[in-house]
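Below are the chains, spelled out letter by letter.
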Amino acid sequence: MHVTKEVLDAQAKALLEQLNDTPLRPKDRAKIPLQEMPSQAPEVRVCNMEEVALGYTENQVRLEAMRCIQCKNQPCIAGCPVSIDIPAFIAEAAKGDYGKSVEIIKESSLLPSICGRVCPQEVQCQKFCTVGKMHKDVEQSVSIGRIERFVADYAREHGLEKIPSIKPDSGRKVAVVGSGPASISAAADLRREGHTVMMFEALHKAGGVLVYGIPEFRLPKKIVEHELQNLKDMGVEIRPNYLVGKTRKIADLMEKDGFDAVFVGSGAGLPKFLGIEGENYVGVFSANEYLTRSNLMKAYAVGKSQTPLYRSKNVAVFGGGNVAMDAARTAKRLGAEEVIVVYRRTEVEMPARREEVTHAKEEGIKFLFLHAPLKITANEKGRVNGVELITCELGEPDASGRRRPVEIPGSEKIYDFDTAIIAIGNDSNPLIKATTDGIEVNRRGNFIVNEETCETTLKGVYAGGDIVLGAATVILAMGQGRRAAKAMNTYLKGLA
Amino acid sequence: MNKILAKQRLSKEVFRMEIEAPEIAEARHPGQFIILQMGGDFGERIPLTIANADPVKGSITLIFQAVGETTHRLALLEPGDTIQNLLGPLGKPTDIKKYGKVVCVGGGIGVAPLFPIVEGMKKAGNEVTVIMGARTKELLIMEEDMRAIADEVIVVTDDGSYGRKALVTVPLKEICEEDKPDCVVIIGPPVMMKFAALTTKPYGIHTIVSLNTIMIDGTGMCGGCRVTIGGETKFVCVDGPEFDGHLVDWDNMLLRLGTYKSEEAEAHHRCHIGLKINEGEA
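Just so you know, these numbers come straight off a predicted model, no measurement behind them. (Residues numbered from 1 in each chain as written. Chains lettered and ligands numbered in written order. Predicted model: local features only at pLDDT ≥ 70, side-chain atom pairs only at ≥ 80, totals over all residues. Heavy atoms only, no water.)

**Student:** Looking at this structure, how should I read the environment of Lys173(A)?
**Tutor:** All names here are of chain A. Relative to the helices and strands, lysine 173 resides in strand 1 (residues 173-177). Relative accessible area serves as the criterion here: at 28%, lysine 173 is assigned to the partly exposed category. Through-space distance from the C-alpha of lysine 173 to that of phenylalanine 259 is 4.9 Å; in sequence the pair is 86 residues apart. Here the side chain of lysine 173 touches aspartate 257 through a polar contact of 2.7 Å, landing on its backbone oxygen. (Helix = DSSP H or I, 4+ residues; strand = E, 2+ residues; numbered from the N terminus. Buried < 20%, exposed > 50% of the residue type's maximum accessible area, 1.4 Å probe, protein only. Polar contact = N/O pair within 3.5 Å; in protein donor to acceptor, adjacent residues only side chain to side chain.)

**Student:** Teacher, can you tell me more about the side chain of Gln126(A) here?
**Tutor:** Residues and elements named next belong to chain A. As for its position among the elements, glutamine 126 is in the loop between helix 8 (112-118) and helix 9 (130-135). The class of glutamine 126 is buried, set by a relative accessible area of 13%. Of note is the side chain of glutamine 126, whose polar atom sits 3.1 Å from the backbone nitrogen of glycine 145. Sequence-distant contacts of glutamine 126, that is, excluding residues within four places in its chain, are made with Gln121, Val138, Ser141, Val142, Ser143, Ile144 and Gly145. (Contact = heavy atoms within 4.5 Å.)

**Student:** Just checking my understanding: could you explain the UniProt feature "domain: Dihydroprymidine dehydrogenase" (unreviewed entry) in chain A for this structure?
**Tutor:** The residues that UniProt annotates with the feature "domain: Dihydroprymidine dehydrogenase" (unreviewed entry) are residues 46-159 of chain A. The distance separating the terminal C-alpha atoms of residues 46-159 of chain A is 32 Å; by composition the span is 53% helix and 0% strand. (UniProt positions renumbered as here; feature names shortened; annotations may be inferred.)

**Student:** Just to check I follow, could you spell out the UniProt feature "domain: FAD/NAD(P)-binding" (unreviewed entry) in chain A for this structure?
**Tutor:** Following the UniProt record, the feature "domain: FAD/NAD(P)-binding" (unreviewed entry) maps to residues 173-481 of chain A here. Annotated as 27% helix and 24% strand, the span residues 173-481 of chain A places its first and last C-alpha atoms 17 Å apart.

**Student:** For this particular structure, what's the right way to read the sheet that holds strand 10 (residues 152-157) of chain B?
**Tutor:** Hydrogen bonds between backbone groups are what pair the strands of a sheet, and the pairing can be parallel or antiparallel. All names here are of chain B. One open sheet holds the seven strands; their spatial order is 11-10-9-8-12-13-16, and the pairing between them is mixed. A single partner strand is all that each edge strand has here, and the edge strands are strand 11 (164-165) and strand 16 (242-244). Where strand 9 (residues 127-134) lies against strand 10, six bridges are found, and the strand directions are parallel. Opposite methionine 132, over in strand 10, you have valine 155 as the bridge partner. Against the sheet, helix 6 (residues 190-200) makes contact with strand 8 (101-107), strand 12 (183-187) and strand 13 (206-210), and its axis sits at roughly 165° relative to strand 12, the strand it touches most. (Pairing = 2+ DSSP bridges. Axes fitted to C-alpha atoms, helices over the stretch in contact; angles between N-to-C directions.)

**Student:** Is there a simple way to think about the domain arrangement of chain A in this case?
**Tutor:** How large an interface is tends to be reported as the accessible area lost when its parts come together. All names here are of chain A. Looking at chain A, the domain boundaries give domain 1 (5-157), domain 2 (173-269 + 427-493) and domain 3 (273-424). Using only C-alpha atoms to locate each centre, domain 1 and domain 2 end up separated by 31 Å. Counting from both sides, the interface comprises 21 residues of domain 1 and, opposite them, 24 residues of domain 2. Across the domain 1/domain 2 interface, buried area totals approximately 1,900 Å², and carbon plus sulfur atoms make up 74% of it. At the junction of domain 1 with domain 2, the criterion picks out zero salt bridges. At the surface where domain 1 touches domain 2, the tally comes to five residue pairs in polar contact (both at pLDDT 80 or more). (Domains from an automatic or database assignment. Buried area = accessible area lost by both parts, 1.4 Å probe. Salt bridge = Lys/Arg side-chain N within 4 Å of Asp/Glu carboxyl O.)

Written out as structure tokens, the structure reads:
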């Protein structure tokens, strides 16, 4: 049953008044009901591209922040990839000092309005929350991400954000390759030290995966634009339409253009395909293509956008991560009648965030677990008309620790689909490696870096984000960008 | 932002533009392409092969046919105007080396990207014959440019309004019979490339084709441009645009080029409203 934002707010308000001025013991705090995230009603949101989660109201955020018992062990901090002082920012939120709250977050994370929306909190900070433990249910943990989002949005909307102070010109010049989360955080930390920072983006819009990959209904692009504007206000120059490796090689940037150091945050942009028969038929798309058309090229704005989108009735999405959820939910919004996510394992092993899976189900996305595609079939015009699937069962755990899907012979069956979207991950884009002597990669094509400093095997060249981690999360990419920037600042200081 | 330095009309629908792009001019090699987007949230990204470049002046030359919305908008720009987004050079350069006798086959607008390859092949010491074809005389471009550098130029038109009345495959087959070339380079409409590549196949001649598929980012990120080459999936944007013409699965490529046929047919009428380029000849 969908509860409106107004009702949730009224409930929170009533409870807040009731609790007013009562001193709260930890037990009382843990008893405060978890504040549900207000959202657009499913039947409404499948007809638009606007954000699904609407954000807490002020009453809700105060209540949710009061659920934190400020425990001594602070296990949430250990669960955060960038060690945000979570209890401290929550305490400020509970007091209603949102500006101060966001300042505390920004000591560790530069992009709270983005991370508050896209972090998989249930496997990070919230996984270890003491309140969740008290309830013996991780879903009852304090909603750290939702509070983070509220305070960040509040600060942005009320002009409470402070532009970081920039040290005087260091005389050093740094190139940042790519403009996704790793690059944004690296650029900001490098600029603060007074270096000239130039960010190079291949596409015509900056933001990387935040712009071409994550849909508007999960991360509004105006938030990304705002973060990029902050960078520009700090004096970072952003150059779109510049493909490092092709427009200019890294060696040229360093030897001819006078860049003293380079940070590579070019992402994992090389879509994996299934390697099955029929994969090049008309109507088979990588999730990257499908999402880029919709998000970056705005193909969902039919009649306005010049980039077309394939019209689908029955869509199969292969994969079980957030990208698969994004693709499935996008297909639904673009008018598909039936969208089925086909995953080789079961729901438990699915890497997607819980919230995305829940939202997808609410929107009518169906799931076919324990099935793997064998072959894509097409009609006489080469257009997809079906997919042959085989049933799997779970066997022994594999290298990832998840139980391996084992195909059951004889269980093959052809299902009707007119569109297939492949969302089984990305390999590293080989472009920079191929055009830069001295950069070493592992067998997956990921850059090999010093774990402490993020320096690559080429002196003065650092890297972070998916180009190092493979397909990971925004927060991990951001954390690496910051770690690299710190080491680069030391390196630049040491240059004669 | 890239400034347009010069503009020239080559035929009814075909334009030559010289555009300020110093970095691309310095980095590019024959066979490579750019992607341009005319700005705004809703503009498409289209790939165009670089016809020429002047690294000293810092400019590149594009030759394009005004067929879709973006190329129509581009055709309406004048020297001094700017193009919002221009990315390049993309793709791998042509494998230019000394083969001996090289035949370069260009069809329609494909003659433009062929030009720097002819130039490169000549410089590398090859004897170069150019076969250039068009539907009709007024669609023929760059004949003088080709004549200035190639050893021999054979012109054909479908309707016989100029040169020989034939398809490019006819003189190509004759050359293969009479004096087998060491390498053939073919650029033109997909169907023409398919049949020209089939023409050289029985002779076992090394045949290079330049594919122009549906493309978005041009950096290997989306895979929309993928083609089947000798049974393997390749991306035109990063593995190409040039491939062995005898290994291309042409039928699959032609089907994929028609992916958005019905969506585009609807959009076509809409996109041309208010975008009419002035009637005119070269």
